[in-house]
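A structural walkthrough
So the chains spell out like this:
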Amino acid sequence: MTSPRGISALGAAVRKRVIGLGVFTRFFIRLLAVSSIALTRPRLVSQQIHFIGNHSLLIIAVSGLFVGFVLGLQGYYTLNRYGSEEALGLLVALSLTRELGPVVTALLFAGRAGTSLTAEIGLMKAGEQLAAMEVMAVDPVRRVLAPRFWGALLQCLFWQRCFRW
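Attention here is on the structure that accompanies the text. (Residues numbered from 1 in each chain as written. Predicted model: local features only at pLDDT ≥ 70, side-chain atom pairs only at ≥ 80, totals over all residues. Heavy atoms only, no water.)

1. Quick look at the packing of aromatic side chains
- The final tally for this structure, using the stated rule, is 5 aromatic pairs.
- Geometrically, the ring pair formed by F149 and W150 is edge-to-face, given 5.2 Å between the ring centres and 75° between the ring planes.
- With a relative accessible area of 25%, F149 lands in the partly exposed category.
- Through pairs of rings, three or more aromatic residues link up here, namely F24, F28, F149 and W150.
- If you follow R112 out to its NZ or CZ, it ends over the ring of F51, 5.7 Å from the centre. (Phe/Tyr/Trp six-rings, centres within 6.5 Å; stacked < 30°, edge-to-face > 60°. Buried < 20%, exposed > 50% of the residue type's maximum accessible area, 1.4 Å probe, protein only. Lys NZ or Arg CZ within 6 Å of the ring centre and 35° of its normal.)

2. Considering the pattern of salt bridges
- By the definition in use, this model includes 2 salt bridges.
- Notably, a salt bridge pairs D139 with R30, separated by 2.7 Å at the nearest N-O pair. Of this pair, D139 sits in the loop between α4 (129-135) and α5 (140-162) while R30 is found in helix α1 (residues 4-39), placing the two residues 109 residues apart along the sequence.
- For the salt bridge of E120 with R148, the shortest nitrogen-to-oxygen distance reads 2.9 Å. (Salt bridge = Lys/Arg side-chain N within 4 Å of Asp/Glu carboxyl O. Helix = DSSP H or I, 4+ residues; strand = E, 2+ residues; numbered from the N terminus.)

3. Here we look at the packing of helix α2 (residues 42-81) against helix α3 (residues 88-126)
- Relative to each other, α2 and α3 sit at 145°, their axes nearing to 7 Å. Seen along the crossing, α2 lies across α3 with a hand that is right-handed.
- In the contact of α2 with α3, the residues fall into 18 nonpolar, 11 polar and 2 charged. (Axes fitted to C-alpha atoms, helices over the stretch in contact; angles between N-to-C directions. Left-handed = near helix turned anticlockwise from the far one by under 90°. Nonpolar A, V, L, I, M, F, W, Y, C, P; charged D, E, K, R; others polar.)

4. Remarks on the packing of α2 against α5
- Closest axis-to-axis distance for the α2/α5 pair is 8 Å, and the angle between their directions is 45°. With respect to their mutual orientation, α2 and α5 come out oblique. The two elements α2 and α5 meet at a crossing, and its hand is right-handed. Contacts between α2 and α5 involve L44, V45, Q48, I49, I52, G53, S56, L57 and I60 from the former and R143, P147, R148, W150, G151, A152, L154, Q155 and W159 from the latter.
- Of the residues that constitute the contact of α2 with α5, the class distribution is 11 nonpolar, 5 polar and 2 charged. (Parallel < 35°, antiparallel > 145°, perpendicular 65-115°, else oblique. Contact = heavy atoms within 4.5 Å.)

5. What to know about unusual backbone geometry
- Residue E128 is not a glycine yet carries a positive backbone phi of 60°.
- Note on placement: E128 falls in the loop between α3 and α4.
- Accessibility expressed as a relative area gives 57% for E128, which makes it exposed.
- One non-glycine residue, A137, lies in positive phi territory at about 65°.
- Its location among the elements puts A137 in the loop between α4 and α5.
- Accessibility expressed as a relative area gives 73% for A137, which makes it exposed.

6. Examining the nonpolar core
- Judged by nonpolar contacts, I52, I60, F109, A113, L117, A152 and W159 together constitute the single largest core of 7 residues.
- At the level of elements, α2, α3 and α5 are the ones that each hand at least two residues to this core.
- Among the elements that line this core, the one with the most residues is α3, at 3 residues.
- By size, the runner-up hydrophobic cluster in this structure holds 5 residues, among which are L31, V34, V141 and A146. (Core = buried A, V, L, I, M, F, W, Y, C linked by side-chain atoms within 4.5 Å.)

Below is the structure:
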């Protein structure tokens with residue numbers, strides 16, 4: 001038989017998750033609502049695209065290179081059994097550009113850009129720069145978060161398109 005404390009703990013955990021989901025939903029709707037104003041200032045968005053894209057390119061390219069190396073090595077062993085080593089280049093090219101390229105790009109982009117943006121905004125919060133913006137009647141969501149959100153989204157779509165032929 002289940003104890004009342006166990007049911008109470010389960011209910012508290014579910015309630016906490018639902019509240020967190022509600023807070024995130026409200027924040028995301030607010031972010032989308034102020035995005036129209038952020039997109040009227042393309043310089044802020046283009047700065048974020050430049051910052052996120054240039055710093056992510058090297059990591060994505062080097063990781064893609066090594067994934068291609070490993071894929072080529074494993075593919076060679078498999079193709080060697082059947083005497084089809086000449087198809088190795090086609091195998092690596094097609095599997096990297098069609099299947100692995102977009103996945104590796106998205107994972108590395110999210111890891112690199114996500115940590116960078118989170119650290120930058122966290123530092124602004126710790127240094128009370130966001131509070132200072134509120135005192136000056138500047139909405140931090142509109143000025144800080146919306147350009148970073150749209151810059152990251154547009155850059156991720158660009159990388160996905162680049163690495164998927």
